[in-house]
Structure formats: structure tokens, C-alpha cells
Amino acid sequence: MTELAAAPERRWSIGNLEQRVQRWFWRRSRRRAALSLSLVLFIWQFGATSAGWLGYRLPWLGQLPPPADVLVAWLDLALEPSYWLSWLASGARVAMGFAAALSIGVPFGLLLADFAWFRGVAHPVFELLRPVPPLAWVPAAIIFWPTQELSIAFVIFLGAFYPIVINVLGGARELDVRLLQTARSLGASRWQILRRLLWPAVLPSLAVGMEVGIGITWEVVVAAEMISGGGSGGAAAAGGGLGFLIWSSYVGGSYPQIVVGMASIGLAGYASSALLRWVGTRLTPWRESDT
Amino acid sequence: MPALTSQRRGALRLDRVVKAYTSGGASVLAVDGCSFDVAAGEICVVVGPSGCGKSTLLAAIAGFHGIDAGTIHLDDRVLCAPGRQPEVGPDRVVVFQQGALFPWKTNLENVAFGPIVQKRVRRAQAFERAATLLAEAGLADALHAYPGEMSSGARRRVEIARALMMDPAVLLLDEPYRALDALTKSVMHEALLEVHARRPVTVFFITHDLAEAVFLGDQVVIMTARPCRPKHVLRVDIPRPRTRAVLSTPRYEELVGEAAALVSEEARQAFDAGDKEHWA
């Protein structure tokens, strides 16, 4: 009867993957997404080429490189390893900063939630520093840290750290008193309450905090790369990251490439949020029925 | 399987219990001079006007807070006395009104939680017994479901199974069926009586529902309005096992009527007193 402890498999199998992909693709929301995206592309193309159609440039849209040019620039770039190295550089920075934010932010949030004396000491400092935007830290970070890479990672860390801590703290505060009383009356020790009550209670809001945090991370990495000149790679752009790609495209006057850089960041951010959402639902299987 | 009935335990004796708390700077007497006995294995139902302090009494027995005067005994042991650090214990398990199952644990894990955290038994053994209790509660199919996936009636049954898992001397139920609809409620009553017949644990049951009180209880303690003390103790002499057939007997109706008269008298007094206080 030892298997009783293990819940039956809830995981999906590779076997029905094709079906699942098809179902995913044909859902109504996907069709709507496809429609809205193509509409945006159409308006963009129309507006960007308005000089030819209408004889004058539409404001704003007329300044844009048309999507077709962007696509061509994208294909060109995709053949160059430096483009993919930019992805790698920015992705590695985000991953490093985010991992640091997670591994420091979660214990910090739990300490704030569970220990009144720690909250008394640390919370005022935390609240004082929180409104300082991560980008305002860039000069200080450059001075603090020996390498530019570390300074960028630090600024990214700050971007994700605050939302993670705030959400962990908020989740812990929402823990129902009756659950605490029940756990105590069932004989749980202080450590067990932390591990078996506080931790799972915090997970749903931690998932939210991670999603918010990763978004800020991408905002920050781009700006930090623009400001710091892209780290060690410099003008070679390879080590510069996607932010530096945008900046150097601007400086070099290659406007389609700017848009490629922007779209790349959009994709990267979307993918990382989707990944974290997936992780979040894995971490909180009891909430599957809610959605 | 430990012998549950070999020696009857779980007799409660409340002796002139007083409990005050401060609210907005003023000291309010919640319980004053409250004395009554609950015999081991009895179902004692406590009814009284809302906010009279019944739940305060229950929380004191559970060990969530101390008392200011008097004593509460469980069998030969002093549970509560003034100046004594309140102590929660697995011998007195509370089932709350809105339910307090751990949402992130399956039913089985919820029920097995107590013995596992106490490391009293091996995990496998705890799960096995939890599965037995859940099966007895009619939930053999829902072992691995999460509480959020179940009806509120089923959740309450899981919760009672979790409490019984501790082999408690006293089961403390604070309006456990309040949020349930009438149909579910009647099913739950019979389920509780069935469980109680199988494992005769002392039950301390708070409710507003007099029909429920008389149907379930060996004695119904009708409380005065704040401060709370027994106004009248009604012995329910309807033999067990009780089934729904009891509900249409004259004796049952008579007892419910008697309880209703006592409660409404008390409620009216409380209402008048409240009014006076308000206009003074």
C-alpha cells in the first residue's frame, strides 16, 4: 500500500502531443490572435509605404520601416552568428539576474513574513530602496562592481527582486489563521508550519511575482545594455546583447534592424513569461481546477 | 489499530469558567461562571444567541487561548486554568465553520497530515489508515482529489476524517454545517451519527440550528446572551441509533419546541438589553 502516497500521474504523455498541438492551434483564442496580428502587420505595411500610395507620409507610421524590410533584415541577421550571440548574451544576463533575485528574494520574503523582529529591522530599508528604479542604480552599479557584466546583472537582479519579495510577503500574509491553528492542533512544529504551510501558501503569489519580475528584467536588461555600451563586446555587438543591437542599429542608421531588435525582445519576453507561467502551474497543481 | 473504546476517555468538566477580552480598550466578559459536564463519548450541542461567546469557550477547550477564572478538566487533567499557558493538543481537534483543509494537499494527504508531522507512525501506515477513514466517510474515490475539487459537504467529511485520524478525546465542531444547504446538511448529520456510532468520541458541537441540535445531541446546552453561561441543559432522551425517522416523532418535536422557546426568550432579552445599551 506504499503507493497510496503517490497521487496518480497527472502529467501529459508524448503520445498525444500532436493532438494537443492541433487543438491548441485551432482554439478560438488562437484564431483571434492570428487575426489581430495580421491586422497590425497590414496597417503597419500600409502606413510605412504610405509615401508611395498616398504621395505623402502618414505621421508616425510613415517613419517606420515596412514589415517586409524588417523581415529581410531579420533574415539577414539570422544568418549572422553575432545576432544569436546577442540573444545569448541578453538571455544569460536575464537568467543570472533573475536566478539571483529568486534565490535571495524568496528567503528574504519568507523571513519578512515569518519573523516579526526581522520585518521590523529590514522592512523600512526595503521600502525605502524599493521606489528607486533599477536604472537609477546603473551608475552606482558600475562603480560598485568590478566588471560591467556584474553591474548589469546587479541591475537586473534589482528589477526582479522587488516584485518577488512583495509577492512572497503578500502571499504569506494571506495565509488563513484557521489553517495555522489547525496545523498547530494537529501537532505541527514551527519548522513544519514554515515548510508545509507557509511555503505552499506562498507559491501561487510567488508565481505571479516571478512573472512580473521577468518582465521587468527584460525592460532593465535592454536599457542597461544601451547605457553601458553592451559590455565586453563593444562595437563588435556580439557580446552586446539585444539592447545594444538596437542601440548600435540606431547609431548605424539601420532602421529595420532596430525593429528586429525590438521584436526579438518582445519574443524573448513572451517566451520567458510563458515558461514561468508553465512552471507556476506545475508548482501549484491544486489550482488546476480553478482555471 | 488501537483500541478506541476499551477505556472511555474524553469527559469534559467546565467549572465556573470566566473569560474576558478587551475590545477597543474596554474589557468585555465573553464567558462568565460557565459550568457544565460532558460525559465521555457524548455529543454535547451548544446553542445560544449569536456572538454570545460559545466560540470563545470552544477555543479555550482547544487551547487557542487561556481563561481568566475557573477550570476546564479533560478526564483527570486540568486543561485550562487562570495563569496557565494554553496548550493545543492532538487530543482535541477543531473543525471550523468555513473549513480549514490545506488546499495544496490531496484529501489523503490532508487526513494523514497529523500523524505524519508528529512522526508517530510511518508514512505508509498513516496513508493506509487515512484511506480507511476516507472510505468510511464514503470518499474512497476521492483520495487523490484536492479539496478545491469537491463539494463543501464532502470537504467537511474529509475534515472530520482528519480530526478522527488523531484519535482525539474530544472533537470540537464550530458550526461545521452552517454553510451547507439543507439537503447536504441532513446527509451530513446522518454521516456524523454513523461515524460517532463507530468511534464514540466526545463531541462538542456549536450550532444555531435547533433541529440539528436535538437530532444530534445527548444534551443540548442553551446559553445565555453575553456573557455566556448555561441557561438550561436539555437532556435528549431519544435512544440511539437515531435515523431520520426520529425527526417525525412527537418527542423530537416536543424537545425542539422546548429548545426554541428557551432560545427565543434569551434572544429577546439579549435584543432588549442591546437596545438599552444602545440608547443609554
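Keep in mind the model is a prediction, meaning the values are calculated, not measured.

Each value, and the rule that gives it
- Residues numbered from 1 in each chain as written.
- Chains lettered and ligands numbered in written order.
- Predicted model: local features only at pLDDT ≥ 70, side-chain atom pairs only at ≥ 80, totals over all residues.
- Helix = DSSP H or I, 4+ residues; strand = E, 2+ residues; numbered from the N terminus.
- Expected span 1.5 Å × (residues − 1).
- Buried ≥ 20, exposed ≤ 12 C-beta atoms within 10 Å, placed from the backbone.
- Arc of directions from axis to C-beta.
- Contact = placed C-beta atoms within 7 Å.
- Pairing = 2+ DSSP bridges.
- Axes fitted to C-alpha atoms, helices over the stretch in contact; angles between N-to-C directions.
- Left-handed = near helix turned anticlockwise from the far one by under 90°.
- Nonpolar A, V, L, I, M, F, W, Y, C, P; charged D, E, K, R; others polar.
- Core = buried A, V, L, I, M, F, W, Y, C linked by C-beta atoms within 7 Å.
- pLDDT = per-residue confidence, 0-100.
- Right-handed = clockwise from strand over helix to strand, strands pointing away.

Colleague: Looking at this model, I keep getting lost on helix α3 (residues 123–136) of chain B. Mind explaining?
Modeller: Each full turn of the α-helix corresponds to 3.6 residues, which orients residues three or four apart in the same direction. Residue and element names in this part refer to chain B. The end-to-end C-alpha separation of α3 is 20 Å, in line with the 20 Å expected for 14 residues at 1.5 Å each. Of the positions making up α3, those classed as buried are A126, F127, A130, A131, L133 and L134. Down the axis of α3, the smallest arc covering the buried residues is 165°, so these residues share one side. Looking at the buried residues of α3, the elements they touch are α2 (107–118) and α4 (152–164).

Colleague: Would you explain the sheet that holds strand β6 (residues 92–95) of chain B in this entry?
Modeller: Residue and element names in this part refer to chain B. Pairing is mixed across the open sheet formed by six strands, whose spatial order is β6-β7-β8-β3-β9-β10. Looking along the sheet, the strands with just one partner apiece sit at the ends: β6 and β10 (230–235). Each neighbouring strand pair of the sheet contributes to a mean axis angle of 15°, computed without reference to strand direction. Across five bridges, the pairing between strand β9 (residues 219–223) and β10 is antiparallel. Residue V220 lies in a different strand from β10, and its bridge partner there is L234.

Colleague: What is the right way to read the packing of helix α5 (residues 81–114) of chain A against helix α8 (residues 148–173) of chain A from this model?
Modeller: A pair of packed helices is captured by two measures, namely the crossing angle of their axes and the spacing between those axes. Residue and element names in this part refer to chain A. α8 packs onto α5 with a crossing angle of 35° between their chain directions and a minimal axis gap of 7 Å. The chirality of how α5 crosses α8 is right-handed. Across the contact of α5 with α8, the residue classes tally to 23 nonpolar, three polar and two charged.

Colleague: Teacher, can you tell me more about the nonpolar core here?
Modeller: A general feature of soluble globular proteins is that nonpolar side chains tend to end up buried together. Core analysis: the largest hydrophobic core is formed by 142 residues, its most contacted members being A:I156, B:I61, B:L134, B:F204 and B:A259. The biggest single contributor to this core is α8(A), with 16 residues. If sequence neighbours within four positions are ignored, A:I156 has contacts with A:R93, A:V94, A:G97, A:F98, A:T217, A:V220, A:V221 and A:A224.

Colleague: Can you walk me through the environment of A:G120 in this structure?
Modeller: Residue and element names in this part refer to chain A. Among the structural elements, G120 can be located in helix α6 (residues 116–129). The exposure class assigned to G120 is exposed, which follows from the 10 C-beta atoms found within 10 Å. With 144 residues separating them along the chain, G120 and S264 place their C-alpha atoms 43 Å apart.

Colleague: Would you mind showing me how to read α2(B) here?
Modeller: Across the twelve residues that make up α2(B), a large majority, eleven, are buried. Every buried residue belonging to α2(B) is among B:N107, B:L108, B:E109, B:N110, B:V111, B:A112, B:F113, B:G114, B:P115, B:I116 and B:V117, and all of these are buried. Tucked into the core, α2(B) has its buried residues touching α10 (190–228) of chain A together with α3 and α4 of chain B. Looking one or two residues past α2(B), B:K119 carries a phi angle of roughly 55°, positive in sign.

Colleague: What is the right way to look at the interface of chain A and chain B in this model?
Modeller: Frequently, the measure chosen for interface size is the accessible area removed from exposure when the parts meet. Each partner contributes to the interface: chain A provides 21 residues, whereas chain B provides 27 residues. Breaking the side of chain A that touches chain B down by element, the ones donating at least two residues are α9 (177–185) and α10 of chain A. Among the residues making up the side of chain A that touches chain B, the classes are represented as ten nonpolar, seven polar and four charged.

Colleague: Is there a simple way to explain the confidence of the model for chain A in this structure?
Modeller: Close inspection of predicted coordinates is inappropriate for parts of the model with low pLDDT. Summary statistics for chain A give a mean pLDDT of 85 and a share of 89% for residues scoring 70 or more. In this model residues 231–238 of chain A is a low-confidence stretch, pLDDT under 50, and it forms 19 contacts with partners more than four residues away in sequence or in other chains.

Colleague: Teacher, can you tell me more about the pairing of strand β8 (residues 202–206) of chain B here?
Modeller: The side chains of a regular strand alternate between both faces of the sheet. Residues and elements named next belong to chain B. Counting buried residues in β8 gives five out of five residues, a clear majority hidden from the surface. Burial of the side chains of β8 extends over both faces: T202, F204 and I206 are buried on one face and V203 and F205 on the other. Bridge count between strand β3 (residues 43–47) and β8: four bridges; the pairing is parallel. Opposite V45, over in β8, you have F205 as the bridge partner. Handedness of the crossover joining strand β7 (residues 170–174) and β8 through helix α5 (residues 182–198): right-handed.

Colleague: Just to check I follow, could you spell out the sheet that holds strand β2 (residues 26–38) of chain B for this structure?
Modeller: Within a sheet, adjacent strands bond to each other through the backbone by hydrogen bonds, running parallel or antiparallel. Residue and element names in this part refer to chain B. Overall, antiparallel pairing links the four strands, which are arranged β2-β1-β4-β5 in an open sheet. Of all strands in the sheet, those with a lone pairing partner are β2 and β5 (77–80), marking the two edges. This sheet shows a mean twist of 35° between the axes of neighbouring strands, independent of strand direction. The sheet contact formed by strand β4 (residues 69–74) and β5 spans three bridges and is antiparallel. Opposite H73, over in β5, you have V78 as the bridge partner.

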